[in-house]
Amino acid sequence: MSASIIDGKQIAEEIKKEVARGVEELKKQGITPGLATVLVGEDPASQTYVGMKVKDCEALGMHSIAENHPAEMREDELLSLVDTLNKDNDVHGILVQLPLPGHIDEQKVLLAINPDKDVDGFHPDNVGRLIIGQPRFSPCTPAGIVELLHRSGNPPAGKHVVVVGRSNIVGKPLAVLLMQKNDRANATVTVAHSRTQDLPEVVRSADIVIAAIGRANFIKADWLKPGAVVIDVGTNRVEDATRERGWRLVGDVDFDAAVEVASAITPVPGGVGPMTRTMLMVNTVEAARQLSGIS
Ligand code: GUN
């Protein structure tokens, strides 16, 4: 068997068309959705991600503000910047790229973002709302994965989903989204992680495997139940002398072998990544609607 490839790029393009229509509607009412991105430091991967988010905004006719600051930026300076963006009426969404440099308290910064502009969904107020099934914004990667499953014809309802990874950004909120009592969720969810006993056996019990552990090619093909659906969140840079830049991106799943066992699988790149970026645009348009009192 050879799995079908879930094309995240194509599905993201479909959603972007819907977002562009939403932007047009808002513009007719005099509102241009605006996103502020905040990057502290020079991490190359973070620079790339933030750059792509700014480009996406521009391509969809949205307003964007890119705040790029050196790694030495003090915590109080960052908090003051967040406060300024909270008060800026042209800014509907604020994204502070993580991770932040070690001298800055990440939770303190996330707590300072106005929850109404928290398009990442990382503020404790929004995390709490998600858990009780009344989300203001769903975190972008988990929301993108739910869209991928539905739009690729692999709805999670009633299925056993094993999420490998328990981060605040992906694993935990994704587990919460998938276990909600609604037609887009209704999954039976297991959260596994690096300390799980007999991880291969746990993964083997999954109808849908979501790999978000951050280790290159960690999940092997013989851990998969034949016909399983595999969503790979990993974006690991591995050395590759054949590439001019010296590296390539690989997922958390041993793709070349897994493709022979799974029924459907996301590639890296071109799977989850484009969906994460697109859901940020979805959330920013939603923030603009909510802040302007448009339902
Ligand atoms: N770093 C890695 N993923 C994300 C994300 O979704 N949002 C932010 N703000 N930082 C990240």
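Anything mentioned here points back to the structure above.
Caption draft 1: Summary view of the sheet that holds strand E2 (residues 34-40). Read across the sheet, three strands follow the order E3-E2-E4 without closing on themselves; strand pairing throughout is parallel. Each edge of the sheet is formed by a strand with only one pairing partner; in this case those strands are strand E3 (63-69) and strand E4 (93-96). Each neighbouring strand pair of the sheet contributes to a mean axis angle of 15°, computed without reference to strand direction. Here E2 pairs with E3 via seven bridges, running parallel. Note that in E3 the partner of Leu35 across the bridge is Ser64. Contacts from helix H3 (residues 75-87) reach E2, E3 and E4, with the element oriented near 175° to E2. Along the sheet, helix H10 (residues 272-291) contacts E2 and E4; its crossing angle with E2, the most-contacted strand, is approximately 130°.

Caption draft 2: Examining the packing of helix H6 (residues 140-151) against helix H7 (residues 171-179) more closely. Look at H6 against H7: their axes get within 9 Å of each other, and the N-to-C directions meet at 45°. Compared by their axis directions, H6 and H7 come out oblique. As for the relative orientation of H6 and H7, their crossing is right-handed in sense. Contact residues: Pro142, Ala143, Ile145, Val146 and Leu149 in H6; Pro173, Leu174, Leu177 and Leu178 in H7. Tallied by class, the residues present in the contact of H6 with H7 amount to nine nonpolar, no polar and no charged.

Caption draft 3: Quick peek at the site of the ligand. The immediate surroundings of the ligand are formed by Leu95, Val96, Gln97, Leu98, Asp120 and Phe122. Here a nitrogen atom of the ligand sits 3.3 Å away from a polar atom, N or O, in the side chain of Gln97. Interatomic distance of 2.9 Å between a backbone N/O atom of Leu98 and a nitrogen atom of the ligand. When isolated, the ligand has an accessible area of 280 Å², and the protein chains bury 82% of it. Its residues assigned to classes, the shell around the ligand comprises four nonpolar, one polar and one charged.

Caption draft 4: Structural context of the sheet that holds strand E6 (residues 188-192). In spatial order, the strands read E1-E11-E8-E7-E5-E6; together these six strands make up an open sheet with parallel pairing. At either end of the open sheet lies a strand with only one pairing partner, and these are strand E1 (4-5) and E6. Across two bridges, the pairing between strand E8 (residues 229-232) and strand E11 (residues 264-265) is parallel. From the neighbouring strand, Val229 faces E11, where its bridge partner is Ala264.

Caption draft 5: Spotlight on the environment of Thr32. Along the chain, Thr32 turns up in the loop between helix H1 (8-28) and E2. Spatially, the C-alpha atoms of Thr32 and Arg129 are 27 Å apart, while their sequence positions differ by 97 residues.

Caption draft 6: Structural view of a nonpolar patch on the surface. Side chains of Val127, Ile131 and Ile132 sit close together on the surface and give an oily, nonpolar patch of about 290 Å² of accessible area. Within the secondary structure layout, Ile131 lies in helix H5 (residues 124-131). Using a relative accessible area of 53% as the deciding quantity, one classes Ile131 as exposed.

Caption draft 7: Inspection of the pattern of salt bridges at higher detail. Evaluated as defined, the whole model comprises 20 salt bridges. With a closest N to O distance of 3.5 Å, Lys16 and Glu13 form a salt bridge. With Lys16 and Glu13 both in helix H1, this residue pair falls three residues apart, about one helical turn. Salt-bridge contacts for Asp76 lead to Arg74; the nearest nitrogen and oxygen are separated by 2.9 Å. Each member of the salt-bridge network shares a partner with another, and the members are Glu14, Glu18, Glu147, Arg151 and Arg184.

Cut-offs applied
- Residues numbered from 1 in each chain as written.
- Predicted model: local features only at pLDDT ≥ 70, side-chain atom pairs only at ≥ 80, totals over all residues.
- Heavy atoms only, no water.
- Pairing = 2+ DSSP bridges.
- Helix = DSSP H or I, 4+ residues; strand = E, 2+ residues; numbered from the N terminus.
- Axes fitted to C-alpha atoms, helices over the stretch in contact; angles between N-to-C directions.
- Contact = heavy atoms within 4.5 Å.
- Parallel < 35°, antiparallel > 145°, perpendicular 65-115°, else oblique.
- Left-handed = near helix turned anticlockwise from the far one by under 90°.
- Nonpolar A, V, L, I, M, F, W, Y, C, P; charged D, E, K, R; others polar.
- Near = heavy atom within 4 Å.
- Polar contact = N/O pair within 3.5 Å; in protein donor to acceptor, adjacent residues only side chain to side chain.
- Areas by Shrake-Rupley, 256 points an atom, 1.4 Å probe, with all protein chains shown as cover.
- Patch = residues over 30% accessible without salt bridge, like charges linked within 9 Å, V, L, I, M, F, W, Y side chains within 5 Å.
- Salt bridge = Lys/Arg side-chain N within 4 Å of Asp/Glu carboxyl O.
- Buried < 20%, exposed > 50% of the residue type's maximum accessible area, 1.4 Å probe, protein only.

Any functional reading would require information that these geometric values do not contain.
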